[in-house]
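Commentary on secondary and tertiary structure
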Amino acid sequence: MYDLVRGPLLWVSFIVFIGGSIVRLAYLAYLAKKKDHTVLTYANFKFGLRSIFHWLVPFGSTNMRLRPVFTIVSFLFHIGLIFTPIFLLAHNILWYQSWRISWWTIPDWLADIMTVVVILAGVYLFVRRRVCKEVRYVSSASDYILLTIAVGPFLTGFLAYHQWLPYKAMLTLHILCGEIMLMAIPFTRLDHMLFFWLTRFYMGSEFGGVRHVKDW
Amino acid sequence: MAGLLPRKWDITDIGLEEGAKGLSPDKIRTVIKKVLNGEGLARIKAYVDTCIHCGLCSVACHHYLSNDCEPRFAPVGKIKNTLWEMIKNDGRVSPEFIKQAAEIAYTECNLCKRCSMYCPFGIDMAWMLSVVRRICHLCGVVPQYLQDTANSHSVTMNQMWVKQDEWIDTLQWQEEEAQGEIPSLRIPLDKEGADIMYSVIGPEPKFRAQLIYSAAVLFNVAGLNWTMPSFDGWDNSDMAMYSGDWEVMGRVKKAHFEAAMKLKVKKIVMGECGHAFRSVYDVGNRWLGWKMHPIPIIHAVQFYYELLRDGKIKIVRKIKEPVTLHDPCNIMRGRGLMDCARYVVKAICEDFREMYPNREHNYCCCAGGGVINCGPPWKKKRVESNKVKAEQMAATGAKIVITPCHNCHSGIEDIIHYYKLPMKNVFIIDLLMQCIEIPEELRA
Ligand code: HEM
Ligand code: SF4
Ligand code: SF4
Ligand code: SF4
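Computed from a predicted model, the values in this text were never measured in an experiment.

When the pLDDT values of chain B are averaged, the result is 95; 99% of them are 70 or greater. Interface confidence for the predicted complex, expressed as ipTM, amounts to 0.95; the pTM equals 0.95.

What follows is about the site of ligand 3. The environment of ligand 3 is made up of Cys51(B), Ile52(B), His53(B), Cys54(B), Gly55(B), Leu56(B), Cys57(B), Val76(B), Cys119(B), Pro120(B), Phe121(B) and Met125(B). Broken down by class, the residue content of the shell around ligand 3 amounts to ten nonpolar, two polar and no charged.

Residues and elements named next belong to chain B. Between helix H9 (residues 164-179) and helix H11 (residues 210-222), the least distance of the axes is 9 Å, while the angle of their chain directions is 55°. What the angle tells us is that H9 and H11 run oblique. Note on packing geometry: the crossing formed by H9 with H11 is right-handed. Note on element contacts: H11 touches H9 through Gln210, Ile212, Tyr213 and Val217, opposite Trp167, Leu171, Gln174, Glu177 and Ala178. By residue class, the composition of the contact of H9 with H11 is six nonpolar, two polar and one charged.

To continue, consider the coordination of the iron atom of ligand 1. All names here are of chain A. Summarising the metal site, the iron atom of ligand 1 is bound by the protein donors His78 (NE2) and His192 (NE2), whose distances to it range over 1.9 to 2.0 Å. Metal-centred angles of 83 to 180° between the six donor atoms at the iron atom of ligand 1 mark the site as octahedral. One end of the pair, histidine 78, is in helix H6 (residues 68-87); the other, histidine 192, is in helix H12 (residues 192-210), and 114 residues separate them in sequence. Using a relative accessible area of 14% as the deciding quantity, one classes histidine 192 as buried.

What follows concerns the site of ligand 1. Around ligand 1 sit 19 residues, and of these Ser74(A), His78(A), Leu81(A), Arg129(A) and His192(A) come closest. Residues within reach of ligand 1 are spread across chains A and B. Side-chain polar atom of His78(A) to a nitrogen atom of ligand 1: 2.6 Å apart, as the coordinates give it. The set of elements that each furnish at least two residues to the shell around ligand 1 consists of H6, helix H8 (108-131), helix H10 (141-162) and H12 of chain A. Ranked by residue count, the leading element in the shell around ligand 1 is H6(A), at six residues.

Criteria and cut-off values
- Residues numbered from 1 in each chain as written.
- Chains lettered and ligands numbered in written order.
- Predicted model: local features only at pLDDT ≥ 70, side-chain atom pairs only at ≥ 80, totals over all residues.
- Heavy atoms only, no water.
- pLDDT = per-residue confidence, 0-100.
- Near = heavy atom within 4 Å.
- Nonpolar A, V, L, I, M, F, W, Y, C, P; charged D, E, K, R; others polar.
- Axes fitted to C-alpha atoms, helices over the stretch in contact; angles between N-to-C directions.
- Helix = DSSP H or I, 4+ residues; strand = E, 2+ residues; numbered from the N terminus.
- Parallel < 35°, antiparallel > 145°, perpendicular 65-115°, else oblique.
- Left-handed = near helix turned anticlockwise from the far one by under 90°.
- Contact = heavy atoms within 4.5 Å.
- Donors = N, O, S within 2.8 Å, 3.2 Å for Na, K, Ca; no water.
- Tetrahedral: all angles 85-135°; square planar, octahedral: opposite > 155°, others 65-115°.
- Buried < 20%, exposed > 50% of the residue type's maximum accessible area, 1.4 Å probe, protein only.
- Polar contact = N/O pair within 3.5 Å; in protein donor to acceptor, adjacent residues only side chain to side chain.

Here it is as structure tokens:
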């Protein structure tokens, strides 16, 4: 089992993630060209990028300032989600072993903290989804599943690292969770990672280029 | 099939009732599939796939805030109850569902786009709800009063069934009235080669002819070379844009642009109307294939600003009472005229007070987007769904609220009455008339 997830499945998941993402983006570009001229006509680099910038900087938008706790949680969640796996020492060693590439790493204690933060943020988001009326109203099973998919690799990675449960089994589960997450990105609403740039760019173009106002 | 919601207001609209009677599930499905696979497909796909169901857009919407934060009035809640259901059921929804979708799209959203500024992904819920309206229109399920204005546009090229002789008559009547003040004043009709064509909305000759008088005074005092068309195309409004009848919208916009071209004017100046501006600047021009308006067009607020900036008109008196300004979405969030408006208002008012939030973040009046044009049956709902606006206005302590948009004007007037606010509302030009200098030689 370990060999399977560490070998072929890993390849499959990377191919599905990268290939799937390319296909999704290419198909959307095709649709925009064929059925949605508006988008391309009004696209504007200056205003598109300006808008993305404001929505990537913590507290860069009015809505982020309206709800500081959520903003902090959301940023910590995403920073942990994206940077921990890329810069974790253990992952880097694996990359080096497989492909002879490596880059900066973060110390293990920091990775450990980030992992815990992601898990706690996940709990917060889960509770918020149950408790806030307006979020609960538009939530369905898929939203909880996506949250689980996102937090899964961190929870299992944490347990494996601290070896509180059988190490080998936990490690296998951890790798599997990571692979599921990667493969889910292009084909679930986790694709917001790909589309954020596009929807924000377009709205920024409309608000900046046509409407002459801010959109943050 | 998609379920139905309990109704909060028990309102019957014959346009929705009768329209739904003629529907079969097959016809509905055909319409939905056609619209959702048509122009705009890339955005619909990206928006529906990207929305992470976070609810962050809720606080943007005055319907949500004014209805005790009931989730069904949140922007994403409204998308869930319309578009998501249609997509999830692959277009298999009942006539009753379409009726409900129509009520949501036509009376619970003003297409003000405030929510797009609060969604981290910039998802355009207003546009999606206008797509829902398009579906309802093609299903023939449209609130009766709104449909009537669209019919009027289609038949007469204006919103209010005004006949050509009535139109000309009204202009001449206002000309005569204004000559009492300025004997040499003219409202030049069909003057080829004039610098400016002035256009207004259908309701002006019908209900607010006084505004044409005021505009004529302004043009004459500023000494401008201007004209108004006596023929179709004089009306710049466009309710067909809001009913979802984009074919008629296109015809109406074309008539308006062509009137200006026939008169060979350099630019169009529009009266104080928000949605009319949106229809020439953002929506109608696109439908006709123009990236922007094919001929220079400015809104009245920008026009006043330029007149003052260039010293074409002089202010000799100022309004003393406390004044506040409602920022109409279609010219603020839609065109960024916030500073022009403040320049003008501060020039004529001594005690100007901001409402909060303001500028492009201002709450909509809840009349726009065709909602007020859905008529008397929906009035109570419309006014109750903008409690936040009433609170926002009351907090300024102002005695006068300026509403430089026709729909806002009527909507805010209703809010003032319903919530018994101690203020009155005016157009900018109403105040300008009290403040500008009318030179002695003109009075003669
Ligand atoms: C650069 C890439 C990404 C961007 C710009 C982005 C942006 C966002 C935004 C704006 C939200 C809305 C709510 C919030 O602010 O938390 C969100 C929510 C979310 N994101 Fe991302 N995201 C990215 C990558 C990812 C990745 C890689 C994952 C996981 C695999 C992920 C998982 C989630 C989840 C689960 C939520 C929902 C939280 C909830 O339940 O409320 N995101 N993301
Ligand atoms: S009324 Fe305005 S804020 Fe509310 S949903 Fe419609 S566009 Fe969004
Ligand atoms: S804020 Fe945007 S992503 Fe979040 S629920 Fe509203 S529309 Fe969806
Ligand atoms: S009527 Fe006025 S405030 Fe209301 S939507 Fe139109 S422009 Fe906005």
